[in-house]
Amino acid sequence: MRLIKLTILFFLFSGTIYAQKKDYPIQPVAFTHVHVNDQFWAPKMEVNAKVTIPYTLQQCRMDGRIDNFLRASKTIPGDKLSAFPFDDTDIYKVIEGASYAMQMKADPAMDKYVDTLISIIGAAQEKDGYLYTFRTVHAAKPHEWIGTKRWEKEEELSHELYNSGHLFESAAAHYEATGKKTLLNIAIKNADLLVKDFGYGKVEEYPGHQVVEIGLVKLYRITGNQKYLDLAKFFLDVRGPKGEAYNQAQAKVINQHEAVGHAVRATYMYTGMADVAAITGDEKYLAAIDDIWEDVVNKKLYITGGIGATGAGEAFGEAYQLPNMSAYAETCAAIANIYWNSRMFQLHGDSKYIDVLERTLYNGLLSGVSLSGNRFFYPNPLASMHQHQRSAWFACACCISNMTRFLPSVPGYVYAQDANNLYVNLFMSNSSDIQLPAAKLKITQTTEYPWEGKIDIKVEPEKAAAFAVHIRIPGWAGDTPVPGTLYTFKEKESAPVTISLNGSPLKYTVVKGYAVIERKWKKGDQLSVVLPMETKKVFANEKVKDDKGRFAFQRGPVVYCLEGPDNRDSTVQNIMIDKNAVASMNFNPEMLNGIEVLKVKGVSTNRQVNSEELIKTEQEVTAIPYYSWANRGPSEMTVWVPYEESAARPKPAPTIASKSKVSGSLSNKQLLSSVKDQYDPVDSKDTNYPYLHWWPKKDSKEYLQYDFDQEYEVSVSKVYWFDDAPWGGCRIPDNYKVLYLQNGKWIPVANTSSYAVEKDKFNTVSFKPIKTKALRLELQLPKDNASGVHEWIVN
């Protein structure tokens, strides 16, 4: 039987006293008590406060998200709304982020503006507590997702409960950070409506997009109102088994043992299950999320901590399905993964959960926002050929607003406590005030982490007192890149982790990944921890086919990548590095806001005409932290570096096609060069290398054109179609033809073989030899779909 801590807390709220009896055995030290002052996280949180939050609020104003509320309250006329019914949550999340940020540093102007936003939100709330602008506006043409009445399409796409969940989280943060109840009262009114409407014998529906479960538990903790906890559990228990895996409704939650479906929905649900289990002691919930966690870390976790392999449903893939260039790894999923792993640690007290949390924090999450704070990634791929670039905004802006609320909450993950056990989970310079039963104490960290492995920890209790300090020994400081069996180090040995107390070496016992130092502490006691910051090579499990013959560089918690701007010819896909090569590190304070730069010897590879042998040229290779890529415009990038020729992507040989200028009728011109990169697709749905497509066009005539570097005699065209059925929007074209340029006019070739249109192969058409300077494909898109091209060869 797992231990669920019993604590009796009493809350006085609205004149009612509630008793709250159970919660997590281990509690985080609140972010309001942890004052980060390092050179890594503190500047990023300042950029979030000064740039990202104001920028996001401005975009919300421009995109009509604030007008949604003003129109719902009839403050302004009209029924024009923004794009999605869940857009209300962007306002809630930015308020949450601003509340956290104002605790770090007072901002009277922002405080006043947030108060104004809360008044606008309150005015849009209906008398019974319902708050959902897309219905309250009563648009002449309602959004197709919302249904004809409340809750009608909740299990599908209305997002009514999703909106409520983010409202509750925002209200809890605002109340805890400011002490004001303005937003909290709005949230409680809405929660009371949910309690009235939902439940057995009432509306028995589950949330289409989970998160309300987390929000209800937060309201329960603040108010002690048992009905909120009961409703959170109801929303979990009523889910499945007749729904879809997409939103984890294919089985009862207690019968789910693998991570499936939409990755954000899933990890919000697992977080909610952990919250409810911590308070209720539900062993079946715990068994389910324990199994699911094992499934993720052993089969579905990117080396960056990202989750969600496929854009089809923004979902977890099959076991070991971890493509790189088409990786989805949504920023919201990274944030949700941190929430979940934080809860798993609070339940079990094992450092492996913080290892995953830290991995995600420094890599797959931080990559989601630019160094400038105003450009963003929605998916976070692990390879690119110029097709990925940060965006100023998304119509679906969930990742942007989520980042605004997450970054200022980072200090809340540094420490945790269980009675007189103090856990040091993350390493960053900070000064913190912590109350243990034995004594109140001040704890100070001084470190250059993640660039350096030395951490000085000063422990100053108000009075001499006995308690235990648990210092996390990261798995990467030993032989484990990240928990699970997905990844291993090439280098099996590491320098030992050393800890000294007041200048003297200290022997310590490791329990669940923590160095436990139990003693009577006094003012001035100082611990010094030295973690071995060695540059290591990571190999993926042989079942991950996309990483075969490749390795990734890792130093401490930071994963590295090769990016075009730092390497010869702005090219990295053609680079190979010997798996025994030794890398050197050097800190460059002027580069990408200050990073440790990796240098290593490697070779570039090039194809040659009429030969399978590659041309290899030695070169110095530079790698940078993955989180810092794409801050200098679109470029090539790769995390996994080939050490075998079979995994290399050489530069194309000089052929008619590769030397041609490509043009076409598609809007994204960056895709054009993909048709002459000489990559042979595995099949038509292969997304591991760039391809060209006309999505979202359909039922139209389109073209693709080669302008040769000189006149050639040609007689063969080979085209490999892109078709991502059944999930994607591209299918092979209805038909196509080849034309050549003569005297300024396009003339169809005289084909001597038929025009086949088939998937998973090159479609070859032969024609009578012609001399020309240009060739064109003209194709008819299917009635209901677009089409695409992997490769176009001309002989």
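Residues numbered from 1 in each chain as written. Predicted model: local features only at pLDDT ≥ 70, side-chain atom pairs only at ≥ 80, totals over all residues. Heavy atoms only, no water.

*Asks:* I would appreciate a short explanation of the overall build of the protein chain in the present structure.
*Replies:* Per the secondary structure count, the protein chain includes 14 helices and 33 strands. The C-alpha radius of gyration computed for the protein chain amounts to 28 Å, which stays within 12% of the reference 28 Å derived for 795 residues, consistent with globular compactness. In terms of overall dimensions, the protein chain has C-alpha extents of about 90 × 70 × 50 Å along its principal axes. Sorting the 795 residues of the protein chain into buried and exposed places 61% on the buried side. Sequence separation of at least 24 residues holds for 70% of the intrachain contacts in the protein chain that already meet a minimum separation of 6. Here the protein chain displays about 30,500 Å² of accessible surface, and carbon together with sulfur accounts for 51% of that area. (Helix = DSSP H or I, 4+ residues; strand = E, 2+ residues; numbered from the N terminus. Rg over C-alpha atoms; globule rule 2.2 N^0.38 Å. Buried < 20%, exposed > 50% of the residue type's maximum accessible area, 1.4 Å probe, protein only. Contact = heavy atoms within 4.5 Å. Areas by Shrake-Rupley, 256 points an atom, 1.4 Å probe, with all protein chains shown as cover.)

*Asks:* Would you take a moment to explain helix H10 (residues 263–280) for this structure?
*Replies:* Along an α-helix, residues three or four positions apart point the same way, because every turn accommodates 3.6 residues. Given a rise of 1.5 Å per residue, 18 residues ought to cover 26 Å, and the 25 Å separating the end C-alpha atoms of H10 matches this to within 8%. With 17 of 18 residues buried, H10 lies mostly within the body of the structure. A positive backbone phi angle near 75° is found at glycine 281, which sits one or two residues after H10. (Expected span 1.5 Å × (residues − 1).)

*Asks:* What is the right way to look at the pattern of salt bridges in this model?
*Replies:* Between side chains of opposite charge, pairing is possible as soon as their charged atoms come close. Under the criterion given, the structure shown has 40 salt bridges. The partner of arginine 221 in a salt bridge is aspartate 23, and the shortest N-O contact between them spans 2.6 Å. Of this pair, arginine 221 sits in helix H8 (residues 212–223) while aspartate 23 sits in the loop between strand E2 (16–22) and strand E3 (27–28), placing them 198 residues apart in sequence. Between lysine 180 and aspartate 111 there is a salt bridge, with its nearest N and O atoms 3.0 Å apart. (Salt bridge = Lys/Arg side-chain N within 4 Å of Asp/Glu carboxyl O.)

*Asks:* Help me out: how do you make sense of the confidence of the model for the protein chain in this one?
*Replies:* Detailed reading of the predicted coordinates is not advisable wherever pLDDT is low. Per-chain confidence: the protein chain averages 95 in pLDDT, with 97% of residues scoring 70 or above. Low pLDDT (under 50) marks residues 1–20, which in the prediction has 51 contacts with non-local residues, meaning those over four places away or in another chain. (pLDDT = per-residue confidence, 0-100.)

*Asks:* Would you explain the packing of helix H6 (residues 160–178) against H8 in this entry?
*Replies:* At a closest axis distance of 7 Å, the pairing of H6 and H8 adopts a crossing angle of 35°. In this structure, H6 meets H8 at a crossing whose hand is left-handed. Within the contact between the two elements, H6 uses Leu161, Ser164, Gly165, Phe168, Glu169, Ala172, Tyr175 and Glu176 and H8 uses Val212, Ile214, Gly215, Leu216, Lys218, Leu219 and Ile222. (Axes fitted to C-alpha atoms, helices over the stretch in contact; angles between N-to-C directions. Left-handed = near helix turned anticlockwise from the far one by under 90°.)

*Asks:* It is not clear to me how the nonpolar core should be interpreted in this structure. Could you clarify?
*Replies:* Proteins that are soluble and globular tend to have nonpolar side chains buried together. Among the nonpolar cores identified, the biggest contains 222 residues, and Trp41, Ile471 and Val639 are the most heavily contacted of them. Those residues in contact with tryptophan 41 that sit more than four places away from it in its chain are Val36, Leu361, Tyr362, Leu366, Leu407, Val410 and Met428. Membership of the second largest hydrophobic core comes to 30 residues, among which are Ile656, Tyr706, Tyr736 and Trp792. (Core = buried A, V, L, I, M, F, W, Y, C linked by side-chain atoms within 4.5 Å.)

*Asks:* Quick question: what am I supposed to make of the sheet that holds strand E14 (residues 504–505) here?
*Replies:* Through backbone hydrogen bonds, the strands of a sheet pair up, either in parallel or in antiparallel fashion. Taken together, the seven strands give an open sheet; going across it, the order is E4-E8-E9-E10-E17-E13-E14, and neighbouring strands pair in antiparallel fashion. Two strands lie at the open edges of the sheet, namely strand E4 (34–36) and E14, each paired on one side alone. One ladder, built from six bridges, connects strand E8 (residues 430–435) with strand E9 (residues 440–447); its direction is antiparallel. By the bridge assignment, serine 432 is partnered in E9 with isoleucine 443. (Pairing = 2+ DSSP bridges.)

*Asks:* Teacher, can you tell me more about H6 here?
*Replies:* Helix length check: H6 (19 residues) gives 27 Å between terminal C-alpha atoms against 27 Å at 1.5 Å per residue, within 8%. By the criterion of burial, H6 is predominantly enclosed, with 16 of the 19 residues buried. Once H6 finishes, glycine 179 follows within two positions and takes phi at roughly 80°, a positive value.

*Asks:* I keep staring at unusual backbone geometry and nothing clicks. Help me out?
*Replies:* If a residue is not glycine, its phi is most likely negative; likewise, a peptide bond is most likely trans. In this model, glycine 240 is joined to proline 241 through a cis peptide bond whose omega is 5°. Note that proline 241 resides in the loop between helix H9 (226–237) and H10. The omega angle of the peptide bond from alanine 725 to proline 726 is 5°, so this bond is cis rather than trans. The residue proline 726 is located in the loop between strand E29 (701–722) and strand E30 (735–742) in this model. A positive phi angle, near 55°, is found at histidine 138, a position not held by glycine. As for its placement among the helices and strands, histidine 138 is situated in the loop between helix H5 (133–136) and H6. Under the relative-accessibility criterion, histidine 138 is labelled exposed at 60%. Positive phi, close to 45°, is recorded for alanine 329, a residue that is not glycine. On the secondary structure map, alanine 329 appears in the loop between helix H11 (283–299) and helix H12 (331–348).

*Asks:* What is the right way to look at the side chain of serine 635 in this model?
*Replies:* Following the sequence through the fold, serine 635 ends up in the loop between strand E24 (611–625) and strand E25 (636–638). Relative accessible area serves as the criterion here: at 3%, serine 635 is assigned to the buried category. Polar contacts involving the side chain of serine 635 include one to the side chain of glutamate 563, which spans 2.9 Å. Not counting residues up to four positions away in its chain, the partners in contact with serine 635 are Ser384, Met385, His386, Glu563, Gly564, Pro565 and Trp629. (Polar contact = N/O pair within 3.5 Å; in protein donor to acceptor, adjacent residues only side chain to side chain.)

*Asks:* Just checking my understanding: could you explain the pairing of strand E32 (residues 762–780) for this structure?
*Replies:* Every other side chain in a regular strand lies on the same face of the sheet, so the side chains alternate between the two faces. Across 15 bridges, the pairing between E29 and E32 is antiparallel. Following the sheet pairing, tyrosine 720 is matched in E32 by phenylalanine 762. Relative to E32, E30 runs antiparallel, the two being bridged by six bridges. Residue pairing in the sheet places leucine 739 in a bridge with arginine 776 of E32.

*Asks:* So what exactly am I meant to see when it comes to the sheet that holds strand E15 (residues 509–511) here?
*Replies:* One open sheet holds the six strands; their spatial order is E3-E6-E7-E11-E16-E15, and the pairing between them is mixed. Edge positions in the open sheet fall to E3 and E15, since each of these has one partner strand only. Taken together, the three bridges between E15 and strand E16 (residues 514–521) define a ladder with antiparallel strand orientation. By the bridge assignment for E16, threonine 509 is matched with valine 516. Those strands touched by helix H13 (residues 351–365) are strand E11 (465–472) and E16, and its axis lies near 50° from that of E11.

*Asks:* Quick question: what am I supposed to make of empty space enclosed by the protein here?
*Replies:* With a probe scaled to a water molecule rolled over the atoms, the places where space remains empty come into view. Applying the stated criterion to the full structure yields two cavities of 30 Å³ or more. Of the pockets and cavities examined, the largest cavity occupies roughly 50 Å³. As for the largest cavity, its lining consists of Asp355, Glu358, Arg359, Gly475, Trp476, Thr480, Pro481 and Val482. Taken together, the residues of the lining of the largest cavity sort by class into three nonpolar, two polar and three charged. Of the residues that constitute the lining of the second largest cavity, the class distribution is five nonpolar, three polar and two charged. (1 Å grid on protein atoms, 1.4 Å probe; cavity = no way out; pocket = protein on both sides within 12 Å on 5 of 7 lines; lining within 4 Å. Points joined across faces, edges and corners; volume = space filled by probe spheres on them. Nonpolar A, V, L, I, M, F, W, Y, C, P; charged D, E, K, R; others polar.)

*Asks:* What exactly am I supposed to notice about the environment of alanine 251 here?
*Replies:* Its location among the elements puts alanine 251 in the loop between H9 and H10. Of the residues examined, alanine 251 reaches a relative accessible area of 16% and is grouped as buried. Considering only alpha carbons, one finds alanine 251 and lysine 676, 425 residues apart in sequence, at a separation of 46 Å. Leaving out residues up to four positions away in the same chain, alanine 251 has contacts with Arg239, Gly240, Pro241 and Gln256.

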